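# Structural features, examined
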Amino acid sequence: MSQLNVNAIRHTGASSDAVTLAADGTCTAKITNNLSNRNLIVNGDMRIAQRGTTSTANNYGTIDNFGINYGGTDEAPTQAQVDIAAGTTPYTLGFRKAFQITNGNQTSGAGAGDWVGMYQWVESQDCASSGWNYTSTSSYITLSFWVKSSVAQNFYGYCRTNDGTNKLYPFETGSLSAGTWTKVTKKIPGHADIQFDNNNGHGIGFEFWAFIGTDYTDSGATTGVWSTYTSGSRTLDAPTTWYTTNDATLEITGVQLEAGDTATDFEFRTYGDELARCKRYFHRIETSANGNPAGIYMSGLLAYNTTSVYGHVCDFPTTMRAIPTVTKVGTITCGNAAGGNGGAITSSNFDYCTRNQCCTSGETGSSGLVGGNCSSLNLAADTSLSFSAGL
């Protein structure tokens with residue numbers, strides 16, 4: 001029987017070993033494809049957009065778990081879920097959607113207090129149990145993503161921790177060619193001051209800036225090293241080309257953050273699996289604009305008196321990260337036990353939510369109900385109840 005006795009296997013052009021063998025007969029290998037449960041980012045391929053596909057909202061508005069931050073603008077930027085063109089890379093790798101920011105018309109130029117960027121925060125407990133020995137400088141996480149800009153420019157971003165002493169790791173894309181997808185990969189070491197509490201709060205944030213003004217930057221800042229977070233020294237001074245170009249666009253997809261010093265192939269999940277992950281942070285019940293005026297009935301309630309109902313509204317499809325904030329849009333009526341609607345409610349007291357279900361202490365404004373009888377909430381056309389528990 002033949003036997004090969006070596007301590008490691010390395011390609012002739014590589015700078016590190018692909019396989020490291022231990023004296024106990026085990027080995028450690030850098031395998032880059034078909035690995036599961038590695039990506040800390042939720043919805044990194046931008047497929048899920050429960051809120052809609054275009055919005056000028058600040059923070060969350062379209063792509064689940066990705067928001068935008070902007071301020072000081074003359075015209076609000078637009079966030080959108082967009083298609084990736086067939087035949088391009090990353091389309092050929094399996095990506096179909098991207099998160100896009102379209103600039104407004106910033107007639108006042110690039111102000112020191114202006115900013116436009118995108119972000120996602122990862123729960124602290126997920127960072128703590130990711131397999132990254134985050135207080136060791138010889139242990140790494142790796143960030144990778146695809147990015148495209150309509151103008152040629154270098155862009156800045158950073159990873160930021162929240163627990164204990166807030167730490168900041170700035171990075172840059174390098175100069176991007178206009179209209180060309182580019183893959184960016186950053187190997188990020190641990191640091192003695194990094195802390196992740198074992199809870200559902202903010203752990204590590206990925207923040208990527210289309211533009212950030214000099215009130216928040218420092219010409220002496222250093223990329224590629226950890227430092228203590230300071231609001232006025234987040235990155236190097238940012239180029240202004242994108243921000244001063246009306247309707248400039250910035251697109252991103254394939255965002256992956258994983259333990260280890262190697263960027264593995266993107267972890268594609270099924271649509272159903274990714275949607276379930278997203279619903280930990282946002283869930284919506286809605287009717288369509290052309291639906292039945294009483295399109296959805298939610299039973300399990302009781303009439304408190306002739307004008308109000310209380311009780312169980314709905315169960316959530318998965319345990320939410322935190323007790324959600326509830327937002328009502330449109331018209332909700334109360335249903336009588338004998339049938340028919342009792343009129344539109346005027347309050348929104350969905351104040352008895354847990355992480356698993358929503359109840360109400362009394363929705364008022366209806367009429368013609370009978371106290372003690374069974375009742376329901378009826379969502380009219382183009383009406384929604386949204387439950388938000390994002391970071």
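Quick summary incoming for the structure in this document. (Residues numbered from 1 in each chain as written. Predicted model: local features only at pLDDT ≥ 70, side-chain atom pairs only at ≥ 80, totals over all residues. Heavy atoms only, no water.)

## A short note on the overall build of the chain
Put simply, the rule reads: Counting from the N terminus, the helices are the DSSP runs of H or I reaching at least four residues and the strands are the DSSP runs of E reaching at least two. For each residue, the accessible area found with a 1.4 Å probe, counting protein chains only, is set against the maximum for its type, and the residue is called buried under 20%, exposed over 50%, and partly exposed in between. Here, residues are in contact when the closest pair of their heavy atoms is within 4.5 Å.
Helices and strands together make up the secondary structure of the chain, namely two helices and 24 strands. Here the chain, with 391 residues, has 46% of them falling under the buried criterion. The long-range share in the chain, meaning contacts at least 24 apart out of those at least 6 apart in sequence, stands at 73%.

## Looking at the packing of aromatic side chains
For any pair of aromatic rings, the description rests on two quantities: the centre-to-centre distance and the angle between the ring planes. How we decide: The pairing test for Phe, Tyr and Trp rings, Trp by its six-membered ring, is centres within 6.5 Å, and the orientation test on the planes gives stacked under 30 degrees, edge-to-face over 60, and tilted for anything in between. Over a ring means this: the NZ of a Lys or the CZ of an Arg is within 6 Å of the ring centre and within 35 degrees of the ring normal.
This model, assessed by the stated rule, comprises 20 aromatic pairs. Taking 5.6 Å as the distance between ring centres and 80° as the angle between the ring planes, the aromatic pair formed by Trp115 and Tyr216 counts as edge-to-face. On the criterion of sequence distance, the pair formed by Trp115 in strand β8 (residues 115–123) and Tyr216 in the loop between β13 (202–212) and β14 (227–228) is long-range, its members being 101 residues apart. Clustering of aromatic rings is evident, with ring pairs tying together Phe145, Phe155, Phe171, Phe206 and Phe208. Sitting over the face of the ring of Phe282, Arg51 holds its NZ or CZ atom 3.8 Å from the ring centroid.

## Overview of a nonpolar patch on the surface
Selection rule: Patch membership needs two things, relative accessible area over 30% and no salt bridge, and members are linked within 9 Å if like-charged or within 5 Å if nonpolar (Val, Leu, Ile, Met, Phe, Trp, Tyr). Here, Shrake-Rupley sampling with a 1.4 Å probe gives the accessible areas, and only protein chains in the shown set may cover a residue. By convention in these notes, a salt bridge is any Lys or Arg side-chain nitrogen within 4 Å of a carboxyl oxygen on Asp or Glu.
On the surface, Leu4, Val6 and Ile9 cluster together to form a nonpolar patch covering roughly 280 Å² of accessible area. One can find Leu4 in the segment before β1 (8–9).

## Some remarks on the nonpolar core
Spelled out, the test is: By nonpolar core is meant a set of buried Ala, Val, Leu, Ile, Met, Phe, Trp, Tyr and Cys residues that side-chain atoms within 4.5 Å join together.
Counting 54 residues, the largest nonpolar core has Leu143, Phe145, Phe206, Phe208, Trp242, Ile252 and Val255 as its most contacted members. If we ignore the near neighbours within four places in the chain, the residues touching Phe208 are Gly117, Met118, Phe145, Val147, Phe155, Tyr156, Gly157, Phe171, Thr173, Leu250 and Ile252. Counting residues in hydrophobic clusters, the runner-up holds 20 residues, among them Ala303, Ile332, Cys353 and Phe387.

The analysis is restricted to geometry; functional conclusions fall outside its scope.
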